[in-house]
Amino acid sequence: MTVAVLFARADSHYKALAGADVWDAERDALRWPGGCPVVAHPPCRAWASLRHCAKPRDGEKDLAHYAIAMVRQWGGVLEHPAGSTLWSAQGLPAPGSRDAFGGWTLAAPQKWWGHKAEKDTWFYVVGCEPGEVPALPYTMAEATHVVQSRKRTDYRPHITKAEREHTPPELAKWLAELAARCKAHNA
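Throughout this description, residue numbers start from 1 for each chain and increase along the sequence as written. Reporting in this predicted model follows two pLDDT cut-offs: at least 70 for local features of residues, and 80 or more for side-chain atom pairs to be given and counted; totals over whole chains, interfaces and linings ignore these cut-offs and use all residues. Note that water and hydrogens are dropped before the side-chain values are worked out from all heavy atoms of the structure.

**What about unusual backbone geometry?**
- A positive phi is found at Phe7, a non-glycine position, where the angle reads about 70 degrees.
- Here Phe7 lies in strand E1 (residues 3–8).
- A positive phi angle is found at Asp28, which is not glycine, with a value near 65 degrees.
- Helix and strand assignments follow DSSP, with helices taken as H or I runs no shorter than four residues and strands as E runs no shorter than two, numbered in order from the N terminus. Checked against the element boundaries, Asp28 lands in the loop between strand E2 (20–24) and strand E3 (38–40).
- For Asp28, a relative accessible area of 27% translates into the label partly exposed. Exposure classes here rest on a 1.4 Å probe applied to the protein chains alone. A residue is buried below 20% of its type maximum, exposed above 50%, and partly exposed in between.

Right under this line is the structure:
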């Protein structure tokens, strides 16, 4: 089954996945015609904990609204940093709750899928019940790196900006499989 990946990086791991219709900046996800479940990665810098330091492009913050609308209409999953202000601004359900679209939020660190840093993440899912998600690769191992905005010498190494933005290959596969299991809200 095809899944659309909206707002991917130009060098995204999704481009190597069979069945992934990847929409990066060049293809412009706002022109996606719909028709299948989505994996949405709208830019997070205007919504995340360091948003006060961010310099989003004009209209960039609105891309998240579009991504939510597509997940709600076609089914799928939206990925954003844990605690993103997008949740409260758009009335998305906190982990353990549901919304009027049957959507729910999974909280999980990206280290479970091989990210070097913990990278706590929230996944807003519509069209798939919690018991229907692909197996979670839970691990208690400590992350080897950290996500940090300032340099410290008394801590683990920091990940790069590109590593903060990339979806680990195993997470990309898992999210595509999850989206493929999702049904459109009114289907």
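**Things to note about the sheet that holds E1**
- Paired strands, as defined in this entry, are two strands with at least two bridges between them according to DSSP. An order of E2-E1-E3-E4-E6-E5 is seen for the six strands of this open sheet, with the pairing classed as mixed. Unpaired on one side and paired on the other, E2 and strand E5 (104–109) mark the two borders of the sheet. Averaged over all pairs of adjacent strands, the angle between strand axes in this sheet comes to 20 degrees, irrespective of strand direction.
- Pairing of E1 with E2 involves five bridges; the strand directions are parallel. Residue Val5 lies in a different strand from E2, and its bridge partner there is Val22.
- Contact between two residues is taken to exist if any of their heavy atoms lie within 4.5 Å; hydrogens are not considered. Between N-to-C directions, angles cover 0 to 180 degrees, with each direction set by a line fitted to C-alpha atoms, over the stretch in contact for helices. Strand contacts of helix H4 (residues 169–181): E1, E3, strand E4 (76–81), E5 and strand E6 (120–126), with the helix running at about 135 degrees to E3, the strand carrying the most contacts.

**Looking at the packing of aromatic side chains**
- To pair, rings of Phe, Tyr and Trp, with the six-membered ring standing in for Trp, must have centres within 6.5 Å; the planes then decide the type, stacked if under 30 degrees apart, edge-to-face if over 60, and tilted in the middle. Here the structure, examined in full by the defined rule, presents eight aromatic pairs.
- An aromatic cluster is present here, built from Trp112, Trp113, Phe123, Tyr138 and Trp174 joined pairwise through their rings.
- Its end group placed over the ring of Trp23, Arg27 keeps NZ or CZ at 3.8 Å from the ring centre. Whether a charge sits over a ring comes down to the Lys NZ or Arg CZ being within 6 Å of the ring centre and within 35 degrees of the ring normal.

**With respect to the pairing of E1**
- The element E1 is largely enclosed, with a buried count of six among its six residues.
- Summarising the sheet, E1 and E3 pair through three bridges and their orientation is parallel. Directly across from Ala4, in E3, lies its bridge partner Val38.

**Digging into H4**
- Expected helix span is given by 1.5 Å per residue-to-residue step, counting one fewer step than there are residues. Here H4 contains 13 residues, and its C-alpha end-to-end distance of 19 Å stays within 8% of the 18 Å for a straight helix at 1.5 Å per residue.
- All buried positions along H4 are accounted for by Leu171, Ala172, Trp174, Leu175, Ala176, Leu178 and Ala179.
- The inward-facing, buried residues of H4 contact E1, E3, E4, E5 and E6.

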